[in-house]
Amino acid sequence: MLLEKKIVLVGVILLTFSCKKEGKITPFSPSSITFTQPSNFPAPHYTFENNQLTQEGFELGRYLFYDPILSLDSTISCASCHAQSHSFADHNIPLSKGVDKKFGRRNAPALFNLAWSTSFMWDGGVNNIEVQPLVPLTSPHELGESMTNIVLKLNRSNFYLTKFKVLYGSGQITDQHFLKVLAQFTSMLVSSNSRYDQYISGKINFTSEELAGYALFKNNCASCHREPLFTDYSFRNSGLESVIQDSGRYRITQNTNDLGKFKVPSLRNIEFTYPYMHDGRFTNLEQVIAFKSNGIKNYPTLDPLLKTPFAFTKEEQKALVTFLRSLSDYEYTSNPKYAEPVR
Ligand code: HEC
Ligand code: HEC
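Residues numbered from 1 in each chain as written. Chains lettered and ligands numbered in written order. Predicted model: local features only at pLDDT ≥ 70, side-chain atom pairs only at ≥ 80, totals over all residues. Heavy atoms only, no water.

**Digging into the overall build of the protein chain**
In terms of regular secondary structure, the protein chain is built from twelve helices and six strands. Rg of the C-alpha trace for the protein chain: 21 Å, near the compact-globule value of 20 Å for 343 residues, within the 12% margin. With the principal axes as the frame, the protein chain shows a C-alpha extent of 65 × 45 × 35 Å. Counting the 343 residues in the protein chain, one finds 52% classified as buried. Looking at the protein chain alone, contacts between residues at least 24 apart form 67% of all its contacts between residues at least 6 apart. Counting only carbon and sulfur atoms, one obtains 55% of the accessible surface of the protein chain, whose full area is about 16700 Å². Distance from the positive charge centre (35 side chains) to the negative charge centre (31 side chains) of the protein chain: 2 Å. (Helix = DSSP H or I, 4+ residues; strand = E, 2+ residues; numbered from the N terminus. Rg over C-alpha atoms; globule rule 2.2 N^0.38 Å. Buried < 20%, exposed > 50% of the residue type's maximum accessible area, 1.4 Å probe, protein only. Contact = heavy atoms within 4.5 Å. Areas by Shrake-Rupley, 256 points an atom, 1.4 Å probe, with all protein chains shown as cover. Lys, Arg positive; Asp, Glu negative; His and termini not counted. Charge placed at Lys NZ, Arg CZ, Asp CG, Glu CD.)

If you want it as structure tokens, here you go:
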């Protein structure tokens, strides 16, 4: 696949006679925007091929992401469990609460750099960003709603009818159009301005402790948490338990070699996304590193890279945590572009 550094995606000009006044775009002319690939990142997996990226499409996706209209009882939005201040993970709770205060089974992952993801969910049960929302939308532990009802509610809203009409020219909002604009928002969530990125691009120096942590990281962690995205998107058993509680990837493949395997999570913004692991069992990074160091449990599917304990010294563990904090992107968690929109 041929991809330029900057993928220029041409937007649809629905009404060619609409005009731009002093940089202000009239509501009738969806304006194409570009997906910017950070210079130290590879080409993204999702290329908006059948989903032309426009400012209006992205904004519409943002309204929907923050709108509880999507849930059965209008109490929960995507943002209820995916908070920007936490890099779009949940607010410091191991398991998220959906409609009727029902708890799900897994910790809500952070959302960023999803355009590079080859699969979604801890077990990779969904492989396309455009259809991913079908799971939370219809799950009784999350938004608990049906697609038919969501589309019905949106079609009754003048706010959404007008906005969708500008984009797609039709008087009816369809499932497809709804899912496409939501994907424009989620796939534009790009985080690439951490201290680590600034160090890599030569803008700043690391402290000696960060450097020590980075060296340990490259030697022991980067084969799974691969730079620069800090995941290789594979499924691994990282030794959390010797008696499997959640079968993980096995739930999808029914292959016993996949028992207890979960998608390697990215470690970018890890400082904001506590608690940790697929079930939120660890409350802080020190606990995670102590576990990685001496707590890994054996199981037939345990990853071969983890068979010998790392046994890091206290000093090494501290350096690793310091390095992990260099992956925090404060610009991302406070970027007004991703914040709750005003209506
Ligand atoms: C009640 C809490 C809750 C709500 C509401 C919710 N999510 Fe999630 N989200 C989760 C949990 C928990 C997971 C992990 C599920 C799993 O792995 O089985 C998840 C996973 C995801 C993922 C996969 C991330 C990855 O890296 O694999 C995406 C994308 C996502 N949610 C987007 C959304 C969108 C879009 C909405 C709104 C339509 C939404 N979520 C609503 C809790 C929630
Ligand atoms: C064999 C692959 C592998 C190696 C090597 C590895 N990890 Fe992990 N790591 C994983 C997997 C898989 C998970 C998710 C486990 C789960 O939740 O079931 C994980 C989870 C984490 C988490 C929690 C992420 C979150 O969002 O909850 C942190 C932090 C982490 N690893 C840091 C490290 C560090 C530091 C090292 C090196 C000392 C390391 N890992 C080595 C596979 C690996």
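Additional details are given in the paragraphs that follow.
**Notes on the coordination of the iron atom of ligand 2**
The protein atoms donating to the iron atom of ligand 2 are His-225 (NE2) and Lys-292 (NZ), with metal-donor distances spanning 1.8 to 2.1 Å. Seen from the iron atom of ligand 2, its six donor atoms lie at angles of 88 to 180°, and the figure they make is octahedral. Linking His-225 in the loop between α8 (208-220) and β5 (235-236) with Lys-292 in helix α10 (residues 285-295), this pair joins segments that are 67 residues apart in sequence. Residue classification places His-225 among the buried residues on the basis of a relative accessible area of 10%. (Donors = N, O, S within 2.8 Å, 3.2 Å for Na, K, Ca; no water. Tetrahedral: all angles 85-135°; square planar, octahedral: opposite > 155°, others 65-115°.)

**Re the coordination of the iron atom of ligand 1**
A lone protein donor binds the iron atom of ligand 1: His-82 (NE2), at 2.1 Å. Mapped onto the elements of the fold, His-82 is located in the loop between α2 (78-81) and α3 (134-138).

**A look at the site of ligand 2**
Taken together, 22 residues lie around ligand 2, and Cys-221, Cys-224, His-225, His-278 and Lys-292 are the ones closest in. Take Met-277: an N or O atom from its main chain is 2.7 Å from an oxygen atom of ligand 2. A per-element tally of the shell around ligand 2 places α10 first, with four residues. Residues belonging to the shell around ligand 2 are distributed by class as follows: 15 nonpolar, four polar and three charged. (Near = heavy atom within 4 Å. Polar contact = N/O pair within 3.5 Å; in protein donor to acceptor, adjacent residues only side chain to side chain. Nonpolar A, V, L, I, M, F, W, Y, C, P; charged D, E, K, R; others polar.)

Honestly, it's all geometry; don't read function into it.
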